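Spelled out from the first residue to the last, the chains are:
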Amino acid sequence: VNVRRAINHAIDMDAIVQAFFGDTGEVATTYMPPTVPFFNESIERYPYDPDQARQLLQDAGVENLETDLWYMPIPRPYMPDGKGIAQAMQQDLKEVGVTAKLVTYEWGTYLERTGSGDHSMALLGWTGDNGDPDNFLNTLLGSASATETDALNIAYYKNPEADELLQQGQSTIDEGEREQVYMQAQELLVEDAPWVPIAYVKPPLGF
């Protein structure tokens with residue numbers, strides 16, 4: 001978890017979002033967008049802090065970490081320039097002693113291989129299906145989605161406490177209970193840091 005938190009601290013996400021999204025995106029804090037019910041506004045993202053990142057990596061015993069960072073080969077509505085974003089992240093990571101090799105594949109292969117967990121770190125995004133927090137948090141971070149193939153939980157994050165909260169939110173119809181559950185789930189997930197959230201994006205549409 002210290003390595004995952006270090007990666008969050010190491011990347012200057014404000015600069016990345018401004019450079020690659022401009023007015024179409026805002027820096028993400030938690031793992032679902034503010035347009036979805038029960039968004040936890042009290043959560044702040046990990047601040048850009050290279051010194052803290054170095055300290056966390058040292059605490060984890062991996063000051064000179066070598067890893068890979070996969071980026072999408074094509075533009076997506078939520079990420080117009082995967083390669084550019086990966087290159088910016090690569091430079092930020094280098095500053096804290098993390099050497100990230102950039103990797104990409106043809107889009108179908110990319111999805112197949114990230115869905116099998118072949119990566120160390122990978123860029124991906126999600127466009128919600130139904131406007132419910134379950135469709136983000138449970139679909140993308142529940143243990144049941146961390147399958148051997150075709151995984152949607154490509155972080156392969158598994159936490160029984162998180163699963164219990166997400167299943168509770170999925171099964172109850174009490175809106176007050178759902179709000180409490182999803183607020184708590186977002187806090188737990190961000191603390192565990194399976195992701196480095198990038199941006200909430202307004203996809204461009206042509207008419």
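Use the structure listed above.
The paragraphs below set out a description of the structure included in this document. (Residues numbered from 1 in each chain as written. Predicted model: local features only at pLDDT ≥ 70, side-chain atom pairs only at ≥ 80, totals over all residues. Heavy atoms only, no water.)

**Considerations on helix α7 (residues 160-171)**
Okay, so step 1: Its twelve residues place the ends of α7 16 Å apart at the C-alpha level, agreeing with the 16 Å of an ideal helix rising 1.5 Å per residue.
Okay, so step 2: If you check which residues of α7 are buried, you get A162, D163, L165, L166 and G169. Angular distribution of buried residues about the axis of α7 spans 165 degrees; they occupy a single face of the element. Away from its buried face, by an angle of more than 90 degrees, α7 presents the exposed residues P160, E164 and S171.
Okay, so step 3: Against α6 (134-141) and α8 (175-192) lie the buried residues of α7.
Okay, so step 4: Capping the start of α7, N159 holds a side-chain oxygen 2.8 Å from the backbone nitrogen of E161, two or three residues further along. (Helix = DSSP H or I, 4+ residues; strand = E, 2+ residues; numbered from the N terminus. Expected span 1.5 Å × (residues − 1). Buried < 20%, exposed > 50% of the residue type's maximum accessible area, 1.4 Å probe, protein only. Arc of directions from axis to C-beta. Contact = heavy atoms within 4.5 Å. Polar contact = N/O pair within 3.5 Å; in protein donor to acceptor, adjacent residues only side chain to side chain.)

**Description of the environment of L165**
Okay, so step 1: Among the secondary structure elements, L165 is positioned in helix α7.
Okay, so step 2: Assessed through its relative accessible area of 8%, L165 is described here as buried.
Okay, so step 3: Each C-alpha atom of the pair L165 and G82 lies 32 Å from the other, and the pair is 83 residues apart in sequence.
Okay, so step 4: Non-local contacts of L165, meaning those with residues more than four positions away in its chain, are made with V181, Q184, A185 and L188.

**Focus on the packing of helix α1 (residues 2-10) against helix α3 (residues 50-59)**
Okay, so step 1: In the contact formed by α1 and α3, the axes pass within 8 Å of each other and the chain directions differ by 165 degrees. Considered as vectors, α1 and α3 are oriented roughly antiparallel to each other. Crossing geometry of α1 relative to α3 is assigned as left-handed. In this structure, α1 uses N2, V3, R5, A6, H9 and A10 to contact α3, whose residues at the interface are P50, Q52, A53, L56, L57 and D59.
Okay, so step 2: Here the residues of the contact of α1 with α3 sort into seven nonpolar, three polar and two charged. (Axes fitted to C-alpha atoms, helices over the stretch in contact; angles between N-to-C directions. Parallel < 35°, antiparallel > 145°, perpendicular 65-115°, else oblique. Left-handed = near helix turned anticlockwise from the far one by under 90°. Nonpolar A, V, L, I, M, F, W, Y, C, P; charged D, E, K, R; others polar.)

**Quick notes on the side chain of R45**
Okay, so step 1: Here R45 is to be found in the loop between β1 (25-27) and α3.
Okay, so step 2: The buried charged residue R45 lacks any salt bridge, with D14 as its nearest oppositely charged partner at 6.2 Å.
Okay, so step 3: At a separation of 2.8 Å, a polar atom in the side chain of R45 contacts the main-chain carbonyl oxygen of A28.
Okay, so step 4: Here the side chain of R45 touches P197 through a polar contact of 3.0 Å, landing on its backbone oxygen.
Okay, so step 5: Apart from residues lying up to four places away in sequence, R45 is in contact with N8, M13, V27, A28, T29, V196 and P197. (Lys, Arg positive; Asp, Glu negative; His and termini not counted. Salt bridge = Lys/Arg side-chain N within 4 Å of Asp/Glu carboxyl O.)

**Points about the pairing of strand β2 (residues 65-70)**
Okay, so step 1: Where burial is concerned, most of β2 is hidden: five out of the six residues are buried.
Okay, so step 2: For β2 and strand β3 (residues 98-103), the ladder comprises six bridges, and the chain directions are parallel. In the strand pairing of β3, L65 is matched with V98.
Okay, so step 3: Running through helix α4 (residues 82-95), the crossover from β2 to the neighbouring parallel element β3 is right-handed. (Pairing = 2+ DSSP bridges. Right-handed = clockwise from strand over helix to strand, strands pointing away.)

**Quick notes on the environment of Q168**
Okay, so step 1: Turning to its location among the elements, Q168 is positioned in helix α7.
Okay, so step 2: Classification of Q168 as partly exposed rests on a relative accessible area of 29%.
Okay, so step 3: With 123 residues separating them along the chain, Q168 and R45 place their C-alpha atoms 25 Å apart.
Okay, so step 4: Not counting the four nearest positions on each side in its chain, Q168 is found in contact with E177 and V181.

**Things to note about the nonpolar core**
Okay, so step 1: Formed by 31 residues in total, the largest nonpolar core has its most connected members in M89, L93, L123 and I198.
Okay, so step 2: Contributions of two or more residues to this core are made by α1, α2 (13-20), α3, β2, α4, β3 and α5 (107-114).
Okay, so step 3: Ranked by residues supplied to this core, first place goes to α4 with four residues.
Okay, so step 4: In this structure L123 touches L69, W70, Y71, M72, M79, G82, I85, A86, M89, Y110 and I198, once residues within four positions along its chain are discounted.
Okay, so step 5: Counting residues in hydrophobic clusters, the runner-up holds 23 residues, among them A28, V36, L165 and L188. (Core = buried A, V, L, I, M, F, W, Y, C linked by side-chain atoms within 4.5 Å.)

**Section: a negative patch on the surface**
Okay, so step 1: Together, E161, E164, E187 and E191 make up a region of like negative charge exposed at the surface.
Okay, so step 2: Counting residues per element, the ones that place at least two in the negative patch are α7 and α8. (Patch = residues over 30% accessible without salt bridge, like charges linked within 9 Å, V, L, I, M, F, W, Y side chains within 5 Å. Areas by Shrake-Rupley, 256 points an atom, 1.4 Å probe, with all protein chains shown as cover. Charge placed at Lys NZ, Arg CZ, Asp CG, Glu CD.)

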